[in-house]
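# Chains, contacts and geometry: an overview
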Amino acid sequence: MVEHQIKARGIKNDMVLEAVRRIPRHLFVPSESLDSAYSDKPLPIGHGQTISQPYMVAVMTEALELEGGEKVLEVGTGSGYQAAVLAEIAGRVVTTERVSELAEEARRKLRDLGYTNIEVIVTDGSAGFPERAPYDGIIVTAGAPEIPRVLVDQLADGGRLVIPVGNSYQQTLTRLRRSGEEHVTERLEGCVFVPLIGEHGWAEHGEGDRR
Ligand code: SAM
């Protein structure tokens, strides 16, 4: 998976490649998808949600430009796989999930794997998690209609926010870098994510309606 789907498609950061190599992805997918655990696609994890494609996990992690030891916020715990990848590099990971059953399952798996630097919180992560701010990196693993200002405010000076922005069918992976009160935004590549649902995302019913 790492050689053919991730390295071959341009991911160069050794810490990211090593993190993805170390984590047993099959432990994060439902038993009926075990055969596809290392294939190049997102997989259903229940509640209408998905574990992201391995390549996209690597792209987003690389885009955060972690060097090791940082405090990172993830919005959208899902299976917990991306949180594990982050926790291999960062010092501390705070991950938020709005579906409590998914959060509970992810918390159990991450604990069983021995991660002590990941905190799983059930909340509307579209508003971030100000209790632990500021963050060196924020990664949103669901598609947002626009960059929530409230997330930018929770970035440390020099911090990076990586987020898919677009409509509910396709988005552009976007990186925002904060520098004091200024910020610079870059468009990285096209992507498709389930919607970020919440106060600073999409309305719960009738996806596509902006809040
Ligand atoms: N990072 C996950 C993984 O590694 O399995 C994949 C995440 S899945 C593509 C998107 C997740 O975002 C879903 O679990 C969904 O419930 C969650 N989500 C959507 N809106 C959210 C919100 N406002 N706050 C927290 N989680 C949210």
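Let us look at the structure shown here.

### Some points on the overall build of the chain
The secondary structure content of the chain amounts to 6 helices and 9 strands. Radius of gyration (C-alpha) of the chain: 16 Å, near the 17 Å computed for a compact globule of 211 residues. Within the chain, the proportion of its 211 residues that are buried is 52%. Of the contacts made within the chain by residues no fewer than 6 positions apart, 52% connect residues no fewer than 24 positions apart. Surface summary for the chain: the accessible area is close to 9600 Å², and the carbon and sulfur share equals 47%. When the 23 positive and 32 negative side-chain charges of the chain are each reduced to one mean point, those points stand 2 Å apart.

### Quick notes on helix H4 (residues 81-89)
For H4, the buried fraction is high: 8 of the 9 residues fall into the buried class. Here H4 has its buried residues at Tyr 81, Gln 82, Ala 83, Ala 84, Val 85, Leu 86, Ala 87 and Ile 89.

### Re unusual backbone geometry
Residues Ala 133 and Pro 134 are joined by a peptide bond in cis, for which omega reads 5 degrees. At His 47, a residue that is not glycine, the phi angle is positive and equals roughly 60 degrees. With respect to the helices, strands and loops of the structure, His 47 is situated in the loop between strand S1 (43-46) and strand S2 (49-51). The phi dihedral of Glu 65 is positive, around 55 degrees, even though this residue is not glycine. When you line up the elements, Glu 65 lands in the loop between helix H3 (54-63) and strand S3 (71-75). A residue is classified by how much of its surface remains accessible, and Glu 65, at 32% relative accessible area, is partly exposed.

### Concerning the site of the ligand
Near the ligand, the surroundings consist of 28 residues, among which Ser 79, Glu 97, Asp 124, Gly 125 and Ile 197 are the closest. Separating an oxygen atom of the ligand from a backbone N or O atom of Gln 82 is a distance of 2.9 Å. Contacts to the ligand include Glu 97, whose side-chain N or O atom sits 2.6 Å from an oxygen atom. The element best represented in the shell around the ligand is S2, accounting for 3 residues. Its residues placed into classes, the shell around the ligand shows 10 nonpolar, 14 polar and 4 charged.

About the criteria used
- Every residue gets a number counted from 1 within its own chain, in the order that chain's sequence is written.
- Where totals are concerned, whole chains, interfaces and linings use all residues; where local detail is concerned, this predicted model gives features only for residues with pLDDT of at least 70, and gives and counts side-chain atom pairs only at 80 or more.
- The basis for the side-chain values is all heavy atoms of the structure; hydrogens and waters are excluded.
- In this text, helices come from DSSP runs of H or I with a minimum length of four residues, and strands from runs of E with a minimum of two, each type numbered from the N-terminal end.
- The size measure is the radius of gyration over C-alpha atoms, and the globule rule it meets is 2.2 Å times the number of residues to the 0.38 power.
- For every residue, the accessible area (1.4 Å probe, protein chains only) is compared with the maximum for its type, and the residue is labelled buried under 20%, exposed over 50%, or partly exposed between those bounds.
- Throughout, a residue-residue contact means that at least one pair of heavy atoms, one from each residue, lies within 4.5 Å.
- Methods summary: accessible areas were calculated by the Shrake-Rupley approach with a probe of 1.4 Å, and residue burial reflects only the protein chains presented.
- Lys and Arg are tallied as positive, Asp and Glu as negative. Neither His nor the chain termini are counted.
- One atom stands in for each charge, and that atom is NZ of Lys, CZ of Arg, CG of Asp or CD of Glu.
- Each residue is tested against the molecule or strand, and it is near if at least one of its non-hydrogen atoms lies within 4 Å.
- What qualifies as a polar contact is a pair of N or O atoms within 3.5 Å, subject to a donor-acceptor requirement within protein and to the restriction that residues adjacent in sequence count only when both atoms come from side chains.
- Gly is placed with the polar residues, together with every amino acid not listed as nonpolar (Ala, Val, Leu, Ile, Met, Phe, Trp, Tyr, Cys and Pro) or charged (Asp, Glu, Lys and Arg).

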